[in-house]
Amino acid sequence: MAAWSIGPVIDWLLHEGRHLAAPEALVEELCARVRAAGMPIDRVAFFFGTLHPQYFGIAMHWNGEAVRVLEASYQMAETEEVRNSPARRITEGERVIRRRLERADCPVDFPVLEELRAAGVTDYVIAEVVFGNGARNSVSLATRRPGGFSDHDIAEVQRLLHPFGMAMEIHVGRALSRTLLETYLGRISGKRVLDGQIKRGDGQSIDAVIWFSDLRESTPLSAALGEQRFLELLNDYFLATAGAVLEHGGEVLRFIGDASLAVFPTTGEKTAAVCARAVDAALAARARALAANDGRRAAGQAPFACGIGLHLGRVHYGNIGTPERLEFSVIGMAANKAARIEALCKETGQDVVLSGTMAAELGERCRSLGRFALRGVAEPEEVFGLC
């Protein structure tokens, strides 16, 4: 029987596979092609580190049919399963680890090996996949074939590791760019930047609900709590308010000290539905703040209070700043008015205050709070609270 060759798989990877849109699609097709070429693989896993505020790495597991993606949180990094794993050993400097599990004298020195042996795996190998920046990742292969992998099998797979690493680095780099832009600019703004809106002045006028929220009594809280405890309070407050915006499809544009600016664009959706969604986000923020304060009081920590102003209007949504330092945000009278309306929360005794344009779309969900002078606005305007 002629020895099988990984060559056609490498050719496919370099000319076609690297153009697949998603890394999991690349891994799934690659594994199927490697097995079809003659490599007796039953399970494959690829582990790579990432730069993300919620997780430190990603694992892709192929079970012979499909790929399952697991995002590994920072909490998982300290578990015994991760700390005592072959992938961690590869990250720390080992190049290859192999365990011939069908042999009686094979060391079972990693927890995952018990699971693999119980599943009938006879041979397991994990090898380094090094990116151009020096980042150490890994790929593992397992087989149930009696006798395990042959020397030829291992040699052919080793030929694949470098081109595979090059292809995956492209995908990981794209995902990293998208993650960083979404984290620091927002989902919609980040996509606009990736789509090429990167010059100062790039943007467009849009109709949107503008959200402005502010923390109450921030100066005395900061003085009383100190930097670290005040930072913890700020994060609880932003998780309650900005978290509710994101949960309801809004876009958080800026954190301005202890305030936040967000938008709910009306593009492609009925205006009344967007206004209702923004109000639902405000109600969710109220509930989340109450729950957060219950937890803070139970822990002997100071509670917080905040106000939310909502206004429906037209803003310019795009890049502003200097040629070297830009920000994707909204500007215009409507954005200023949302901040002025939020400032009325304290005066009216409300935690959510709406403009007249919002009330016109929401109908019976609102009640008038009276007419008030807004700084920078010529005539007093009627504002509304929630019923």
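Residues numbered from 1 in each chain as written. Predicted model: local features only at pLDDT ≥ 70, side-chain atom pairs only at ≥ 80, totals over all residues. Heavy atoms only, no water.

Chemist: Which residues make up the overall build of the protein chain, and what values go with them?
Modeler: Assigned secondary structure in the protein chain consists of 12 helices and 14 strands. For 387 residues, the compact-globule formula gives about 21 Å, and the C-alpha radius of gyration of the protein chain, at 27 Å, lies well above that figure. Over its C-alpha atoms, taken along the principal directions, the protein chain stretches across nearly 90 × 50 × 40 Å. For the protein chain, the residues scored as buried account for 46% of the 387 residues in total. Pairs at least 24 residues apart make up 61% of the contacts formed inside the protein chain by residues separated by at least 6 positions. For the protein chain, the exposed area adds up to about 19500 Å²; of that, 53% sits on carbon and sulfur atoms. Between the centroid of the 43 positive side chains of the protein chain and the centroid of its 49 negative side chains there is a distance of 2 Å. (Helix = DSSP H or I, 4+ residues; strand = E, 2+ residues; numbered from the N terminus. Rg over C-alpha atoms; globule rule 2.2 N^0.38 Å. Buried < 20%, exposed > 50% of the residue type's maximum accessible area, 1.4 Å probe, protein only. Contact = heavy atoms within 4.5 Å. Areas by Shrake-Rupley, 256 points an atom, 1.4 Å probe, with all protein chains shown as cover. Lys, Arg positive; Asp, Glu negative; His and termini not counted. Charge placed at Lys NZ, Arg CZ, Asp CG, Glu CD.)

Chemist: I'd love a proper account of empty space enclosed by the protein, names of residues and values included.
Modeler: Under the criterion given, the structure shown has three cavities of 30 Å³ or more. One number sums up the size of the largest cavity: a volume of about 150 Å³. The wall of the largest cavity is formed by 13 residues, among which L30, V44, V139, L141 and L160 lie closest to the centre. Mapped onto the lining of the largest cavity, the elements with two or more residues apiece are helix 2 (23-37), strand 1 (43-49), strand 6 (136-143) and helix 6 (151-184). Grouping the amino acids of the lining of the largest cavity by side-chain chemistry returns 13 nonpolar, no polar and no charged. In this structure, the second largest cavity encloses a volume near 70 Å³. As for the second largest cavity, its lining consists of M39, V96, V125, A127, L141, I154, V157, Q158 and L161. At the level of elements, strand 5 (123-130) and helix 6 are the ones that each hand at least two residues to the lining of the second largest cavity. Of the residues in the lining of the second largest cavity, the class split is eight nonpolar, one polar and no charged. (1 Å grid on protein atoms, 1.4 Å probe; cavity = no way out; pocket = protein on both sides within 12 Å on 5 of 7 lines; lining within 4 Å. Points joined across faces, edges and corners; volume = space filled by probe spheres on them. Nonpolar A, V, L, I, M, F, W, Y, C, P; charged D, E, K, R; others polar.)

Chemist: Just give me the short version of the packing of aromatic side chains, but keep the residues and values in it.
Modeler: The final tally for this structure, using the stated rule, is eight aromatic pairs. On the basis of an interplanar angle of 45° and a centroid distance of 6.4 Å, the ring pair of W211 and F264 is categorised as tilted. One end of the pair, W211, is in strand 7 (residues 203-215); the other, F264, is in strand 9 (residues 259-265), and 53 residues separate them in sequence. Pair check on accessibility: W211 and F264 agree, each one buried. (Phe/Tyr/Trp six-rings, centres within 6.5 Å; stacked < 30°, edge-to-face > 60°.)

Chemist: Mind laying out the nonpolar core, listing which residues take part and the relevant values?
Modeler: The biggest cluster of nonpolar side chains holds 36 residues, and the ones touching the most others in it are I41, L160 and F164. Counting residues per element, the ones that place at least two in this core are helix 1 (7-15), helix 2, strand 1, strand 2 (55-62), strand 5, strand 6 and helix 6. The element best represented in this core is helix 6, accounting for eight residues. In contact with F164, other than residues within four places in its own chain, are L13, V27, L30, F46 and V129. A242, V245, V252 and A262 belong to the second largest nonpolar core, which has 28 residues in total. (Core = buried A, V, L, I, M, F, W, Y, C linked by side-chain atoms within 4.5 Å.)

Chemist: Run through the packing of helix 1 against helix 2, naming residues and quoting values.
Modeler: At their nearest, the axes of helix 1 and helix 2 sit 9 Å apart, and the two run at 160° to each other. As summarised for this structure, helix 1 and helix 2 are arranged roughly antiparallel, according to the angle between their axes. The two elements helix 1 and helix 2 cross, and the hand of that crossing is right-handed. Contacts from V9, W12 and L13 of helix 1 reach helix 2 at L26, E29, L30, R33, V34 and A37. (Axes fitted to C-alpha atoms, helices over the stretch in contact; angles between N-to-C directions. Parallel < 35°, antiparallel > 145°, perpendicular 65-115°, else oblique. Left-handed = near helix turned anticlockwise from the far one by under 90°.)

The values reported here are purely geometric and, on their own, carry no functional implication.
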